[in-house]
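# Per-entry structural report
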Amino acid sequence: MHNYLDNPASLKIDLMLRGIRMEDPVVKAWACGCSGIDMLLPQDTLVNIPCMEEFTRNSPYTVKRAGERYFITDGRAEVEVKLVERPAFYSRKTTSGVQFSEIASVHGSYTVITPSPRCDFFNRSIECRYCAGNFDVKGSSDVVYTIEDILETVEAVLKEKASEVIYLSIGFSQGDDGGIAFLKPYIQAIKKSFNCLVAVEALPPRDNRWIDETYAMGADSVLYNLEIFDKELFELICPGRASLVGRKRYLESLKYAAKVFPNGTVASHLIVGLEPPGSTCMGIDCFTDMGVVPILPIYRPSAGKALRIEPLTTEIILPVYKHLYNAVKKNGINLSWVRDISMVTTPAEIRGLVDGGKGGTLMESFYKSRIGLKAAWGLSTIRRKLRVVGSDDSDPSKH
Ligand code: SF4
């Protein structure tokens, strides 16, 4: 068994992958029903650790408390950590009576704000198969928060110094603009009222002029999240994105945005665990060649959505993160924007794991190894699982 407790970057990955068992009542109360608990590992490495999902019951990790001090232990060794306080503003409400925690979710240097949790993919039963329960998206909903609600939320975030970047996200809606027309008044109001950075996660617009306009309206960073690089798996797992936007349009939009926005501010997620590691690496190469920052969240299986490729271990995915770091460095992509995020391991955090320029050879030898070959089997496993999930999961009310 590996010991990842000595290295915060690899420990972060192992914790995100396996979660933690919450046995101590004080720590349990701290997590207070959230699916993940934020902790600060050594070297100020912030991590959101899954603690409620079924798969976390098999985790070797648990939290040990000694007075005011906390340790993560795997039963053999331990490392001191700090529990991250829930932001105080979460428990307060906007003037119109909406709980701030309904609108905003702090993930380290980023606070995600969703002015409307609606996504029209749900109404057509073509939602992304991993959605709901994994990324705090509520699916079909008619809620639209007012600009005042959002401005009060941003003010609360900034006053508490909870984050420096406001991350606005939007699901799919009809139209050619990818949701940016809906977000425009929010972006403009935030930029007019506060001195903060705004990142926008939207769907790729049909026309590049919306990308120019996204920059012109004041967004500092843009994300079009492809999520899965493999063409076939993208179509199976993200049927809405594939049929109504298309993989080609994702890649075109990212390429164009990287020419409009400053270096390092255009990004796209590739979810680790929903496709074979070699395929994620191909996505990393494609994105970084275009000047796009790949962001690699780890898939968190929730009940009824066990889409994860197997086997999936930290030993298997560490080379992917190393590959990410080397690719970003090789292409001279600025890393200062994407850092200190609790939900994902960022390229900047991997720096300590990469020894000189050995990343490439490490990848090659890994995929020639026995365990690497086993990882490549994941593709057929996931196709099979999708068939099963697809047949049980066609009812959107189950999400
Ligand atoms: S685009 Fe996909 S992940 Fe995003 S809210 Fe819609 S279904 Fe969920």
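Just so it is clear, the model here is predicted, and its values are computed rather than measured.

Rules used in this analysis
Residues numbered from 1 in each chain as written. Predicted model: local features only at pLDDT ≥ 70, side-chain atom pairs only at ≥ 80, totals over all residues. Helix = DSSP H or I, 4+ residues; strand = E, 2+ residues; numbered from the N terminus. Buried ≥ 20, exposed ≤ 12 C-beta atoms within 10 Å, placed from the backbone. pLDDT = per-residue confidence, 0-100. Contact = placed C-beta atoms within 7 Å. Axes fitted to C-alpha atoms, helices over the stretch in contact; angles between N-to-C directions. Parallel < 35°, antiparallel > 145°, perpendicular 65-115°, else oblique. Left-handed = near helix turned anticlockwise from the far one by under 90°. Nonpolar A, V, L, I, M, F, W, Y, C, P; charged D, E, K, R; others polar. Pairing = 2+ DSSP bridges.

Turning our attention to the overall build of the protein. The secondary structure content of the protein amounts to 15 helices and 13 strands. For the protein, with 399 residues in total, the buried portion stands at 48%.

Here the protein averages 83 in pLDDT, while 81% of its residues score no lower than 70. Within the model, pLDDT remains below 50 along residues 133–140, and this stretch shows 21 contacts once partners closer than five positions in the same chain are excluded. Low pLDDT, under 50, characterises residues 356–380; the stretch is placed with 28 contacts to residues that sit more than four places away or in other chains.

The contact between helix H4 (residues 147–159) and helix H5 (residues 180–193) brings their axes to 10 Å, and the two run at 40 degrees. The pairing of H4 with H5 is recorded here as oblique in orientation. Crossing angle aside, the handedness with which H4 passes H5 is right-handed. Taken together, the residues of H5 that come into contact with H4 (itself represented by Ile 147, Ile 150, Leu 151 and Val 154) are Pro 185, Tyr 186, Ala 189, Ile 190 and Ser 193. Here the contact of H4 with H5 is built from residues that sort into 8 nonpolar, 1 polar and no charged.

Turning to the pairing of strand E3 (residues 62–66), a few remarks are in order. Taken together, the 5 bridges between E3 and strand E4 (residues 69–73) define a ladder with antiparallel strand orientation. When the bridges of E4 are listed, Val 63 appears paired with Ile 72. In textbook terms, the turn of a hairpin is the stretch between consecutive antiparallel strands, and for E3 and E4 this stretch comprises 2 residues, one of which, Gly 67, has a positive phi near 65 degrees.

This part covers the sheet that holds strand E5 (residues 78–83). Strand order across the open sheet formed by 5 strands is E2-E1-E5-E4-E3, with antiparallel pairing between neighbours. Two strands in the sheet have a free side with no partner beyond their single neighbour: strand E2 (45–50) and E3. Adjacent strand axes in the sheet meet at a mean angle of 45 degrees, parallel and antiparallel pairs treated alike. Set on the sheet, helix H1 (residues 8–18) makes contact with strand E1 (36–41) and E2; between it and E2 the angle comes to about 15 degrees.

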